[in-house]
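Architecture at a glance
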Amino acid sequence: MNNRDYKTFYKGGVYHLYNRGNNKEPIFLNEQDYLNMLYRLAIILNKTPFLRESSKLKLKPLPEGSFSLITYCLMPNHYHFEIRQNTAITIDRLIAKLFTSYAKYFNKKYARVGNLFQDAFKAKRLDSDANLIQLSAYVHCNPSQPFKYKFSSLNEYLNPNVSGLCDTNIILNYFDNKPEKYLDYIE
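Residue positions are given per chain, counting from 1 as you read along its sequence in written order. Local features in this predicted model are restricted to residues of pLDDT 70 or higher, and side-chain atom pairs are both shown and tallied only at a pLDDT of 80 or more, whereas totals for entire chains, interfaces and linings draw on every residue. Side-chain descriptors were evaluated using all non-hydrogen atoms of the structure, hydrogens and water having been removed beforehand.

Let's shift gears to the overall build of the chain. From N to C terminus, the chain includes seven helices and four strands. In the chain, the succession of α and β elements from N to C terminus is β-α-α-β-β-α-β-α-α-α-α. For the radius of gyration, the atom set is restricted to C-alpha positions; the globular benchmark scales as 2.2 Å times the number of residues to the power 0.38. Scaling as 2.2 N^0.38, a compact globule of 187 residues should have a C-alpha radius of gyration of about 16 Å, and the chain matches this with 16 Å. Per-residue burial for the chain yields a buried fraction of 45% across its 187 residues. For the area figures, the Shrake-Rupley method with a 1.4 Å probe applies, and any residue is considered shielded solely by the protein chains shown. Total accessible area on the chain is roughly 10200 Å²; 48% of this is exposed by carbon and sulfur atoms. Neither His nor the chain ends contribute to the count of charged residues, in which Lys and Arg are positive and Asp and Glu negative. To locate a charge, take atom NZ for lysine, CZ for arginine, CG for aspartate or CD for glutamate. Taking the average place of the 25 positive charges on the side chains of the chain and the average place of its 17 negative ones, the gap between the two points comes to 9 Å. Secondary structure elements follow DSSP: runs of H or I no shorter than four residues count as helices, runs of E no shorter than two count as strands, and numbering proceeds from the N terminus. Working definition: with a 1.4 Å probe on protein chains only, accessible area under 20% of the residue-type maximum means buried, over 50% means exposed, and in between means partly exposed.

Okay, here's the thing in structure tokens:
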């Protein structure tokens, strides 16, 4: 990122990352757009089931374990991620790869030019366990009907048999690794 952005990232730091579409416009117009974003994220995070097909995109995965995705929610005109940086590779590198790739896809698909996002992404460092847990609930409850919404990580938390992008143990450890206790918390 550029030097005037003033974001500082630390190994072991957990961050709330968010942004919205330019002029508050949608950044996802249909289900394929959401899936395309998640597919790109999986490749960059080096989630092995997705790597077999990654040659279709010119995206190279970051080293495995560089980041732990804790929660996410993709809304029609904005997104939220809760991410822990596990190594010296900074979050801005992950975000630059992900959103540059997605913006190119979106602009090409919809024959548009210019910025897709309103500004540089926002990042807030979480400084306590309470903030970590509260943010997970906020991210998961962002949609008006969170239990029916397909493009958030809530399903990964409530259904232990679902494998996904998130390291759900980071939050579920606070709830004795019981999804039903987490469900009670967010309700």
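For the rest of this paragraph, the subject is the packing of helix H1 (residues 31-44) against helix H3 (residues 91-109). Note on definitions: angles span 0 to 180 degrees between N-to-C directions of axes, and those axes are lines fitted to C-alpha atoms, for helices only across the stretch in contact. Closest axis-to-axis distance for the H1/H3 pair is 10 Å, and the angle between their directions is 150°. Crossing hand, H1 versus H3: right-handed. Of the residues in H3, those in contact with Gln-32, Asp-33, Asn-36, Met-37, Arg-40, Leu-41 and Ile-44 of H1 are Leu-94, Lys-97, Leu-98, Phe-99, Ser-101, Tyr-102, Tyr-105, Phe-106 and Lys-109. Crossing chirality is assigned from the near helix's rotation relative to the far helix, an anticlockwise turn below a right angle marking it left-handed and a clockwise turn marking it right-handed. Residues count as neighbours in contact if any of their non-hydrogen atoms are within 4.5 Å of one another.

This paragraph deals with the side chain of Ser-152. Its location among the elements puts Ser-152 in the loop between helix H4 (129-140) and helix H5 (154-158). Under the relative-accessibility criterion, Ser-152 is labelled buried at 4%. Definition of a polar contact: a pair of N or O atoms within 3.5 Å, with one able to donate and the other able to accept a hydrogen when the atoms are protein atoms, and with sequence-neighbouring residues admitted only if both atoms are side-chain atoms. A distance of 3.1 Å separates a polar atom in the side chain of Ser-152 from the backbone nitrogen of Leu-154. If we ignore the near neighbours within four places in the chain, the residues touching Ser-152 are Tyr-72, Cys-73 and His-140.

The next thing to look at is the packing of aromatic side chains. A pair of aromatic rings is counted whenever rings of Phe, Tyr or Trp (Trp by its six-membered ring) have centres within 6.5 Å, and the orientation is called stacked for planes under 30 degrees apart, edge-to-face for over 60 and tilted otherwise. One pass over the full model with this rule turns up 18 aromatic pairs. With 6.3 Å between their ring centres and 15° between their planes, Phe-9 and Phe-121 make a pair best called stacked. Within this pair, whereas Phe-9 is found in the segment before strand S1 (14-20), its partner Phe-121 is found in the loop between H3 and strand S4 (122-126), the two being separated by 112 residues in sequence. Accessibility expressed as a relative area gives 4% for Phe-121, which makes it buried. Arranged with centres 6.0 Å apart and planes meeting at 40°, the rings of Tyr-102 and Phe-106 form a pair that is tilted. Here Tyr-102 pairs with Phe-106, and both are found in helix H3, just four residues apart, close to one helical turn.

Let's shift gears to the packing of H4 against helix H7 (residues 179-186). Two elements in contact, H4 and H7, have axes separated by 10 Å at closest approach and are oriented at 75°. In this view, H4 runs roughly perpendicular relative to H7, as classed from their interaxial angle. Packed against H4, whose contacting residues are Ile-133, Gln-134, Ser-136, Ala-137 and His-140, the element H7 presents Tyr-182, Tyr-185 and Ile-186 at the interface. Charged means Asp, Glu, Lys or Arg here, nonpolar means Ala, Val, Leu, Ile, Met, Phe, Trp, Tyr, Cys or Pro, and polar covers whatever is left, Gly included. Within the contact of H4 with H7, the residues separate by chemical class into five nonpolar, three polar and no charged. The scheme is simple: roughly parallel for angles under 35 degrees, roughly antiparallel for over 145, roughly perpendicular for 65 to 115, oblique for anything else.

Between any two strands, pairing holds if DSSP finds at least two bridges. If you walk across this open sheet you meet the four strands as S2-S3-S1-S4, and the pairing is antiparallel. The open sheet is flanked by strand S2 (67-75) and S4, the only strands paired with a single partner. Strand-to-strand twist across the sheet, computed as the mean angle between neighbouring axes with direction ignored, equals 15°. In this structure, S2 lies alongside strand S3 (residues 78-85), joined through eight bridges in antiparallel fashion. Residue pairing in the sheet places Tyr-72 in a bridge with Phe-81 of S3. Against the sheet, H4 touches S1, S2, S3 and S4, its axis set at about 35° to S2.

This paragraph deals with H3. The span expected for a helix works out to 1.5 Å for each residue beyond the first. Here H3 contains 19 residues, and its C-alpha end-to-end distance of 27 Å stays within 8% of the 27 Å for a straight helix at 1.5 Å per residue. For H3, the set of buried residues is Ile-91, Asp-92, Leu-94, Ile-95, Leu-98, Phe-99, Ser-101, Tyr-102, Ala-103, Tyr-105, Phe-106 and Asn-107. Elements that come into contact with the buried residues of H3 comprise S1, H1, S2 and S3. One or two positions beyond H3, positive phi appears at Ala-111, with a value near 50°.

All we've got here are geometric facts, nothing functional implied.
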